[in-house]
Amino acid sequence: MNFFLAALGVLGVASSGPLIAATLGATSVSALAIAFWRNAIGAAVMASPVLVTDPRQFGRVTPREFRWAVLAAVALALHFAFFITSLQLTSVAAATALVCLQSGWIAVFQLFRGVRHRWQVLVGLGMAFGGVVAITGFDMGTSPDALLGDLLAVAGGALAGLYTLAGGKARETMGTGTYTTLCYGMCAAVVALLALVSRQPLVGFEAPGWLGIVAITVCAQLVGHTAFNHLLATMSPLLVSMIILLEIPGAALLAAVFLDESLPAGTYAGLTLILVGLAVVLAGQRRRRPERPGEARVAELGTD
């Protein structure tokens, strides 16, 4: 059963990039519309069991918890805006690999917070960010749009790391259902504001566009992330984190098969460096001392 759930989870999260790229390319759906509806639907789904079992949980949210949830929501909203937009400019494989640097960014942020990492973590970070240099270098020679897409994906990964750290602080005392409902709901509100300012429509799409939005939400968020959350109860966070990294080659393979996406050999080398580097980062944290309260767990990878 764990093997089946792991395969389902990888397929779910790996489908995110190809599904988003296909929806943006074949319909009138805007980038921010995908981010808005994904989070709005997610908030509604997560709120339902809380409202049924104990709706008073929302009234017990403290000002401190709320502030951390707001920071997480803003970071998540910008993450989605940057990542989804990047899929319109660069390849699915490159965007997915670059945004998956979330775990690397968390390790970097922890360095600035005074956390001492083992040398393996530092080596892995060097390899992963070396992969970034390889990908952006090749895309720089391809087109300015591809390079801009790469940079947006890198920024999206950093924002995902900030989202995870802020969410870790909020979840020290908040239940998962309460936190995710507030975070996703506020994220949807921030995205709606961004859509208003940038004049991107959130409604009025054709049927295939709505089908794409539903498919992205169900496959990536409700199926993929739910499967990994379940596995965390039966498998080690390190192993789950390693399995999640299969999103990188999985997205590249799906994009090659269904979107006929082909990449130069140098880009594939960059993808490999990122994949191996992140694996080394995660493995290097295996013997660290137990986490301090609020410190991000390495398993909290992927918001896509």
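Everything numeric here is computed off the predicted structure, so don't read it as measured data.

Novice: Sorry, what's going on with the overall build of the protein chain here?
Specialist: Within the protein chain, the secondary structure is distributed over 13 helices and 0 strands. Sequence-ordered secondary structure for the protein chain, helices as α and strands as β, is α-α-α-α-α-α-α-α-α-α-α-α-α. Since a compact globule built from 304 residues should have a radius of gyration of about 19 Å, the 18 Å found for the protein chain is in line with a globular shape. Reported as C-alpha extents along the three principal axes, the dimensions of the protein chain are approximately 55 × 50 × 40 Å. Among the 304 residues that make up the protein chain, the fraction classed as buried is 54%.

Novice: I tried to follow the pattern of salt bridges on my own but got confused; where do I start?
Specialist: Side chains that differ in charge, positive against negative, can pair when their charged atoms come close. Overall, the coordinates contain 4 salt bridges when judged by the stated rule. The residue Lys-169 makes a salt bridge to Glu-172 at a minimum N-O spacing of 3.5 Å. A residue is classified by how much of its surface remains accessible, and Lys-169, at 22% relative accessible area, is partly exposed. With relative accessibility at 34%, the residue Glu-172 sits in the partly exposed group.

Novice: Is there a simple way to explain helix 2 (residues 16-26) in this structure?
Specialist: One turn of an α-helix holds 3.6 residues; hence residues three or four places apart share an orientation. Taken as a whole, helix 2 has its buried residues at Ser-16, Gly-17, Pro-18, Ile-20, Ala-21, Thr-23 and Leu-24. Where helix 2 is buried, its residues touch helix 1 (2-14), helix 3 (31-53), helix 4 (63-86), helix 5 (92-99), helix 10 (207-231) and helix 12 (247-258).

Procedures and definitions
- Residues numbered from 1 in each chain as written.
- Predicted model: local features only at pLDDT ≥ 70, side-chain atom pairs only at ≥ 80, totals over all residues.
- Heavy atoms only, no water.
- Helix = DSSP H or I, 4+ residues; strand = E, 2+ residues; numbered from the N terminus.
- Rg over C-alpha atoms; globule rule 2.2 N^0.38 Å.
- Buried < 20%, exposed > 50% of the residue type's maximum accessible area, 1.4 Å probe, protein only.
- Salt bridge = Lys/Arg side-chain N within 4 Å of Asp/Glu carboxyl O.
- Contact = heavy atoms within 4.5 Å.

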